[in-house]
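# Structural description and commentary
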Amino acid sequence: MEERFSQVEKISKLFGVECDHCHNEELTVFTENGEISKKMMAASVALGVDCDYCHIDGKRYTEKENQARNMFELSETMAVECNFCHMGKEKLTSRGLQAKTAFLTRDWATKGSKQCLECHIEKKQFALNFYGWQVLNAMKGLKGM
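Residues numbered from 1 in each chain as written. Predicted model: local features only at pLDDT ≥ 70, side-chain atom pairs only at ≥ 80, totals over all residues. Heavy atoms only, no water.

### Side note on the overall build of the protein
Counting its secondary structure elements, the protein contains six helices and zero strands. When its helices and strands are written in sequence order, the protein yields α-α-α-α-α-α. When each of the 145 residues of the protein is scored for burial, the buried share is 24%. Within the protein, contacts between residues at least 6 apart in sequence are counted, and of these 48% link residues at least 24 apart. Accessible surface, the protein as shown: approximately 10,800 Å² in total, 56% of it carbon and sulfur. (Helix = DSSP H or I, 4+ residues; strand = E, 2+ residues; numbered from the N terminus. Buried < 20%, exposed > 50% of the residue type's maximum accessible area, 1.4 Å probe, protein only. Contact = heavy atoms within 4.5 Å. Areas by Shrake-Rupley, 256 points an atom, 1.4 Å probe, with all protein chains shown as cover.)

As structure tokens, this is what we get:
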């Protein structure tokens, strides 16, 4: 419990906010900001990083923020949590490794996460559509060469 209070204290100092920024007076309900913070905190746990990995303060960001914004968009598009692909800072799950390969081969970084739906059935835990299976089979064929 002390660790959680320490984390909350660190967050409130970084962002310059009081408890009511995220909670109601009784601390029983999250505000809209609190709901956003919960998602970001889950991401920071999955990545093994602190808030200051992306945030300088409540209005300024590090260079990692744009990448994080894209990742949040992707997780919402595909209806998964960050730990679906991430298991610590620079450590990926097997699905995360597959996704990284897809990102590199499909120019995801420059074209955005909506392109993922060319190969995947929307919000089906990354189930592939027909085109996706063709791409995967072609990639398997390239490995055999």
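Structure shown, so let's carry the discussion forward.
### Some words on helix α1 (residues 2–15)
Relative to the 20 Å expected for 14 residues at 1.5 Å per residue, α1 spans 20 Å between its end C-alpha atoms, a close match to the ideal helical length. Once α1 ends, the next one or two residues include glycine 16, with phi positive near 65°. (Expected span 1.5 Å × (residues − 1).)

### Details of the confidence of the model for the protein
On average, residues of the protein score 78 in pLDDT, and 84% of them reach the 70 mark or higher. The weakest mean pLDDT in the protein belongs to helix α5 (residues 108–111) at 56; the strongest belongs to helix α2 (residues 32–47) at 83. (pLDDT = per-residue confidence, 0-100.)

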